[in-house]
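Here is what each chain is made of, one letter per residue.
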Amino acid sequence: MHADIAVLPGDGIGPDVTAAAVTVLRTLARRHGHSFDFHEYDIGGIAIDRHGEPLPQATLQGCQQAHAVLLGAVGGPKWSDPNAKVRPEQGLLALRKGLGLFANLRPVRPHPAALNASPIKPHLLTGVDIVVVRELTGGIYFGEKTRDARGASDLCSYSVTEIERVVRSAFKLARQRRSYLVSVDKANVLETSRLWRDVASRIGREEFPDVKLEHQLVDSMAMHLLAKPREYDVIVTENMFGDILTDEASMLAGSLGLLPSASLGDGKVGLYEPIHGSAPDIAGKGVANPYATILSCALLLRHSLGLHEEADCIERAVDAALNAQVFTNDLATGGRGVSTQVAAQAVIEQMQAHCYVAELRD
Ligand code: IPM
Ligand code: MN
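This one's a predicted model, so the numbers in the text were calculated from it and none came from an experiment.

Quick look at the overall build of the chain
- The helix and strand tally for the chain stands at twelve helices and twelve strands.
- Relative to a compact globule of 362 residues, whose C-alpha radius of gyration would be 21 Å, the chain shows 20 Å and is just as compact.
- For the C-alpha atoms alone, the extent of the chain along its principal axes is close to 50 × 50 × 45 Å.
- The buried share of the chain, taken over its 362 residues, is 54%.
- Once local pairs closer than 6 in sequence are excluded, the contacts in the chain between residues at least 24 apart make up 77%.
- Split by element, the accessible area of the chain, about 15,600 Å² in all, is 52% carbon and sulfur.
- The centroid of the 36 positive side-chain charges in the chain is displaced by 3 Å from the centroid of its 43 negative side-chain charges.

Have a look at this one:
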């Protein structure tokens, strides 16, 4: 098949990890007879430097016209002045909003070979397989912001429709898995959470009576996620709770460097990015972990291009590379990890051994 893929390397280690992932996708395309065209655009700090804004029109348009978007990371100390008028992060938020990507899927499946990299006891981690569905275009992130000499405020608001659509996508996903959904809120304090809880219960009752729904308060969820992660399957929550819980959940997998994400909306174009940030301290050194971005490519193949076998193939290859202990510094002990390129190359080699797709099909 043919696909146009917009690539937004962004800042920090973004260019390192997207370059590695594109190499993997190119190899996969060549072996399986697909033609992928990659179009690069600026976003974040580099876009501020080059164009004066974090999401130039050309970038948004390029993404809208693509079949899928692969993004590295945005932000860094250079653009972190609290008084700056524009910040790199605004580019990412505007892109999510501009593409209507309201559901952010963040799967967490600790890899057996990386259990030692996690600060959590290994016996709690075996068998953990969670997907967090984070609402991505509403809540406190996008509410009105005010600031004057006396104080500041961030408005948190949610419409019924915004809650319905993300909760519905979480229910659908739950139905394909263990038919168990946990909805996370702070309904003992927040009005938006009380609405969230009502809407989730109604959608469950009316449309997904076969899926078991539970409600959890976010503070106790933060605790249970570490105490008994195996219990959970699909978790759905609002924007900021999802941001925080998924960084926490990344520790189950041993490293932020292993977690991919997919951001989806009603349209076809999805945005795929590692959940880690721009890690400015190791940017450009060629040592960043590319696995999260490579795994994001698997999600891209599956959700935007419908190439399920190819997606499985990438995931199996990353699994195999980890089994072979091809670790970057974040996973290796004593900073003796391999380079970004060596890790990507290991995935490419493993693809040969672990892909059962009929080659050169159309
Ligand atoms: C993430 C990031 C972003 C967020 C930042 C960079 C705006 O932390 O994707 O989780 O908070 O959503
Ligand atoms: Mn985050």
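Some details on the site of ligand 1
- Around ligand 1 sit Glu-89, Arg-96, Arg-106, Arg-134, Tyr-141 and Asp-243, and that is every residue in its neighbourhood.
- The contact in question runs from an oxygen atom of ligand 1 to an N or O atom on the side chain of Tyr-141, over 2.5 Å.
- Between an oxygen atom of ligand 1 and a side-chain N or O atom of Asp-243, the distance comes to 2.9 Å.
- Partitioned by chemical class, the residues of the shell around ligand 1 number one nonpolar, no polar and five charged.

Details of the packing of aromatic side chains
- Under the counting rule described, the total for this entry stands at two aromatic pairs.
- Aromatic pair Tyr-158 and Trp-196: ring centres 5.6 Å apart, planes at 75 degrees, arrangement edge-to-face. With Tyr-158 in the loop between strand 7 (151-154) and helix 6 (160-176) and Trp-196 in helix 7 (residues 191-207), this residue pair connects regions lying 38 residues apart in the sequence.
- Ring geometry for Phe-171 and Phe-208: centres 4.8 Å apart, planes at 5 degrees, overall stacked. Of this pair, Phe-171 sits in helix 6 while Phe-208 sits in the loop between helix 7 and strand 9 (212-217), placing them 37 residues apart in sequence.
- Residue classification places Phe-171 among the buried positions, given a relative accessible area of 0%.

Section: the UniProt feature "binding site: Mg(2+)" (unreviewed entry) in the chain
- UniProt marks Asp-219, Asp-243 and Asp-247 with the feature "binding site: Mg(2+)" (unreviewed entry), using the numbering shown here. Taken together, the annotated residues stretch across 29 residues yet fold into one region, lying no more than 14.4 Å apart by C-alpha.
- With respect to the helices and strands, Asp-243 occurs in helix 9 (residues 239-250).
- What Asp-243 contacts, discounting residues up to four positions off in sequence, is Arg-106, Arg-134 and Tyr-141.
- Within the secondary structure layout, Asp-247 lies in helix 9.
- Not counting residues up to four positions away in its chain, the partners in contact with Asp-247 are Leu-256 and Ile-275.

Quick notes on the pairing of strand 8 (residues 180-185)
- In terms of burial, strand 8 is largely enclosed, as six of its six residues are buried.
- In strand 8, alternate side chains face the same way, and those of Tyr-180, Val-182 and Val-184 on one face and Leu-181, Ser-183 and Asp-185 on the other are all buried.
- Both strand 8 and strand 9 contribute to a ladder of six bridges, which runs parallel. Looking at the pairing, Val-182 lines up with Glu-214 of strand 9.
- Read from strand 8 through helix 7 to strand 9, the crossover connection turns out right-handed.

Some thoughts on the state of the cysteines
- The tally for this structure, following the rule as stated, stands at zero disulfides.
- With no disulfide of its own, Cys-63 lies closest to Cys-297 among cysteine sulfurs, the gap being 15 Å.
- We classify Cys-63 as buried; its relative accessible area is 0%.
- In this structure Cys-297 is not part of a disulfide, and its nearest cysteine sulfur, from Cys-313, lies 12 Å away.
- On the accessibility criterion, Cys-297 (0% relative accessible area) is buried.

Rules of the game
- Within any chain, residue numbers begin from 1 and follow the written order of that chain's sequence.
- Throughout, the order in which chains and ligands are written sets their labels, letters from A for the former and numbers from 1 for the latter.
- Restriction of local features to residues with pLDDT of at least 70 applies here, the model being predicted, together with a cutoff of 80 or more for giving and counting side-chain atom pairs; totals for whole chains, interfaces and linings are based on all residues.
- With hydrogens and water stripped out, all remaining heavy atoms of the structure feed into the side-chain values.
- Starting at the N terminus, helices and strands are each numbered in turn, a helix being any DSSP run of H or I of at least four residues and a strand any DSSP run of E of at least two.
- Our radius of gyration is a C-alpha quantity, and the globule rule it is checked against amounts to 2.2 Å times the number of residues to the power 0.38.
- For every residue, the accessible area (1.4 Å probe, protein chains only) is compared with the maximum for its type, and the residue is labelled buried under 20%, exposed over 50%, or partly exposed between those bounds.
- Contacts are assigned to residue pairs with any non-hydrogen atoms lying within 4.5 Å of each other.
- Note that accessible areas follow from Shrake-Rupley with a 1.4 Å probe, and for residues the cover is restricted to the protein chains shown.
- Residues scored as charged are limited to Lys and Arg (positive) and Asp and Glu (negative), so that His and the chain ends carry no count.
- To locate a charge, take atom NZ for lysine, CZ for arginine, CG for aspartate or CD for glutamate.
- By convention in these notes, a residue is near a molecule or strand provided one of its non-hydrogen atoms lies within 4 Å of it.
- Polar contacts here mean pairs of N or O atoms no more than 3.5 Å apart (in protein, one a potential hydrogen donor and the other a potential acceptor; neighbouring residues in sequence count only if both atoms are side-chain atoms).
- Each residue receives one of three labels: charged for Asp, Glu, Lys and Arg, nonpolar for Ala, Val, Leu, Ile, Met, Phe, Trp, Tyr, Cys and Pro, and polar for the others, Gly being one of them.
- Whether two aromatic rings pair depends on their centres lying within 6.5 Å, for rings of Phe, Tyr and Trp, where Trp uses its six-membered ring; planes under 30 degrees apart make the pair stacked, over 60 edge-to-face, and the rest tilted.
- UniProt positions are given in the numbering used here, feature names are shortened, and annotations may be inferred rather than shown by experiment.
- Pairing between strands is defined by DSSP: at least two bridges between them are needed.
- Here the term right-handed applies to a crossover when the path leading from its first strand over the helix to its second strand runs clockwise, the strands being oriented away from the viewer.
- Whenever a pair of cysteine sulfur atoms sits within 2.5 Å, that pair is classed as a disulfide.

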